[in-house]
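# Secondary and tertiary structure notes
Take a look at the letters that make up each chain.
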Amino acid sequence: MNKILLPVDGSKRSLRTVEMVQRLCDPAESDITIVKVVSAQLYINSLDEIKRNAEKAQPELDAVAALLPGYQVKTQVLLGSAPGAEIVEYAKETGTDMIIMTPFLPGAPLRKLGSVATYIVRNASFLDVIVMREEGDE
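The model shown is predicted, which means the values in this text are computed figures rather than measured ones. (Residues numbered from 1 in each chain as written. Predicted model: local features only at pLDDT ≥ 70, side-chain atom pairs only at ≥ 80, totals over all residues. Heavy atoms only, no water.)

### A closer look at the overall build of the chain
- Helix and strand counts for the chain come out as 4 helices and 5 strands.
- Reading the helices (α) and strands (β) of the chain from amino to carboxyl end gives β-α-β-α-β-α-β-α-β.
- Per-residue burial over the chain gives 45% buried out of 138 residues.
- The long-range fraction of contacts in the chain, counting pairs at least 24 apart against all pairs at least 6 apart in sequence, stands at 76%.
- Surface accessibility of the chain: about 7600 Å² in total, with carbon and sulfur atoms responsible for 50%. (Helix = DSSP H or I, 4+ residues; strand = E, 2+ residues; numbered from the N terminus. Buried < 20%, exposed > 50% of the residue type's maximum accessible area, 1.4 Å probe, protein only. Contact = heavy atoms within 4.5 Å. Areas by Shrake-Rupley, 256 points an atom, 1.4 Å probe, with all protein chains shown as cover.)

### What to know about the sheet that holds strand β4 (residues 98-101)
- Strand order in this open sheet of 5 strands is β3-β2-β1-β4-β5, and the pairing throughout is parallel. Looking along the sheet, the strands with just one partner apiece sit at the ends: β3 (72-80) and β5 (128-131). Averaged over all pairs of adjacent strands, the angle between their axes in this sheet comes to 25 degrees, without regard to strand direction.
- As judged from the 9 bridges shared by strand β2 (residues 30-39) and β3, these two strands associate in the parallel manner. Pairing of Thr33 across the sheet is with Lys74, part of β3. (Pairing = 2+ DSSP bridges. Axes fitted to C-alpha atoms, helices over the stretch in contact; angles between N-to-C directions.)

### Examining the packing of helix α3 (residues 83-94) against helix α4 (residues 115-123)
- Packing of α3 against α4 brings their axes to within 8 Å, and their N-to-C directions diverge by 35 degrees. For the crossing formed where α3 meets α4, the hand is right-handed. Here α3 contributes Pro83, Gly84, Ala85, Ile87 and Val88 to the contact with α4, which in turn contributes Val116, Tyr119, Ile120 and Asn123.
- Of the residues that constitute the contact of α3 with α4, the class distribution is 7 nonpolar, 2 polar and no charged. (Left-handed = near helix turned anticlockwise from the far one by under 90°. Nonpolar A, V, L, I, M, F, W, Y, C, P; charged D, E, K, R; others polar.)

### Side note on the nonpolar core
- If you look at the biggest cluster of nonpolar residues, it comprises 21 residues, and the most contacted ones within it are Ile4, Leu6, Val21, Ile32, Ile34, Leu68 and Ile100.
- When contributions to this core are tallied by element, the ones reaching two or more residues are β1 (2-7), α1 (16-24), β2, α2 (47-65) and β4.
- Looking at which element gives the most residues to this core, the answer is α2, with 5 residues.
- For Ile100, the contacting residues outside a window of four places in its chain are Ile4, Leu5, Leu6, Pro7, Thr17, Met20, Val21, Ile130 and Met132.
- One finds Val37, Ile87, Val88 and Tyr90 within the second-largest nonpolar core, a separate group that totals 16 residues. (Core = buried A, V, L, I, M, F, W, Y, C linked by side-chain atoms within 4.5 Å.)

Next comes the structure, spelled out in structure tokens:
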């Protein structure tokens, strides 16, 4: 069973990872986890605000999961101040085999991934990382 992690940020762009999973992954051989990182910086957010944001993220994750009928799909809200680090740590803890993601930087060509994607590519050498190019990038 391949353990695949799909980090999403709520954008339409990040939902393109669902299409990639459907093209590359056999539902019978794939265990998908969709994650979203919610800011948990106490000096910026109150505990109530962090809780509300985490609760708000769950329906978003459930909507993405619904796009993958036939797959084993779990969702996970991660709390932290550094999304890239949270995603990499979660991948380590869960024995993830692959991360499929978009650049998290609107309009970013592959040479400019954005800080989250760059962090993941640099720090997740223990697994495969697929960073999908933006539509229209050459």
